[in-house]
Each structure stands twice: as C-alpha cells, then as structure tokens.
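Secondary and tertiary structure notes
Here's the letter readout for the chains.
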Amino acid sequence: QVQLVESGGGLVQAGGSLRLSCAASGRTFSTYAMGWFRQAPGKEREFVAAITWRGGITYYADSVKGRFTISRDNAKNTVYLQMNSLKPEDTAVYYCAAGPRLVVTTEYNYWGQGTQVTVSS
C-alpha cells in the first residue's frame, strides 16, 4: 500500500515557475514508477510526466517537454515536478500516481488527492 500527498501548488504568473512535490508512505516506494497527471475543469485527466523506479527513464507529454522536469529521491520517498515557463493553459489540479511500470495512461495503482496550480496571464 502506498499513500501519496502532493504539495507545492499555488498561483503564479505566466512565465513563472513552481516545484511540486509528492511524498509517499510505504517502504515499497522505490519499486514503483511514478507519474504526474493534471486535470483542468471540464476536461479529462491527462498525462504530464513519468519516471521509472530507478529514475533512469523519464517521459513527458509534448505540451510540457522542455519546460517541466520530473525527478525522484527514493531516500526521501519523494517525486518532484519542476515546472518552468508556465502558461495559463497549465492551470489544473495536478496529481501524482504510483504504479508497477511507466505508462502514459491513468493505469496507476495509487493516486494522491491533487494540488491546484493556477497560472495567470
């Protein structure tokens, strides 16, 4: 069992940066692939970024490639999402997820409650 808690969301102007964190409980955190997803009002949840359990492989949605960076610290049971050059269209609730392998769909076993990111123009 893994419990996930996101933090670091907030209000930022376009062009600014935020760093999201996802703290996990459970001793098996380091064996899970981790993903970040987001959901804007009236839209489906969409993939943002993911990282393998060792951190050797990362994958990004085209819409965030070059602006967002996913990383993890298994010693701290935490995964991060560094978001730079934010745009108003990045506004959404951001969720982290844990699963047995890196996928770009919502097929992850565990989900956090989400953290709101709002980018003003």
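First things first, this report covers the structure right here in the doc. (Residues numbered from 1 in each chain as written. Predicted model: local features only at pLDDT ≥ 70, side-chain atom pairs only at ≥ 80, totals over all residues. Heavy atoms only, no water.)

**A word on the sheet that holds strand S3 (residues 18-25)**
Picture the strands of a sheet paired through backbone hydrogen bonds; they go either parallel or antiparallel. The four strands lie next to each other as S1-S3-S8-S7, forming an open sheet whose pairing is antiparallel. Of all the strands in the sheet, just strand S1 (3-7) and strand S7 (68-73) have a single pairing partner and so form its edges. In this sheet, neighbouring strand axes are inclined to one another by 15° on average, regardless of whether the strands run parallel or antiparallel. (Pairing = 2+ DSSP bridges. Helix = DSSP H or I, 4+ residues; strand = E, 2+ residues; numbered from the N terminus. Axes fitted to C-alpha atoms, helices over the stretch in contact; angles between N-to-C directions.)

**Observations concerning unusual backbone geometry**
A positive phi angle, close to 55°, is found at Asn77, a residue other than glycine. Tracing the sequence through the fold places Asn77 in the loop between S7 and strand S8 (78-83). The backbone of Ser85 sits at a positive phi, close to 50°, despite the residue not being glycine. Here Ser85 is to be found in the loop between S8 and strand S9 (92-99).

**Details of the pairing of S7**
Only one face of S7 is buried: it carries Phe68, Ile70 and Arg72, and the other face, with Thr69, Ser71 and Asp73, is open. Here six bridges tie S7 to S8, and the two strands are oriented antiparallel to one another. Across the sheet, residue Thr69 finds its bridge partner in S8, namely Gln82. Connecting S7 to the next strand, S8, in antiparallel fashion are four residues, including Asn77 with a positive phi near 55°. (Buried < 20%, exposed > 50% of the residue type's maximum accessible area, 1.4 Å probe, protein only.)

**Considerations on the environment of Gly15**
Summarising the element assignment, Gly15 is placed in the loop between strand S2 (10-13) and S3. Taking C-alpha positions, Gly15 is 27 Å from Ile57, a pair spaced 42 residues apart along the chain. Apart from residues no more than four positions distant in its own chain, Gly15 is found in contact with Ser85 and Leu86. (Contact = heavy atoms within 4.5 Å.)

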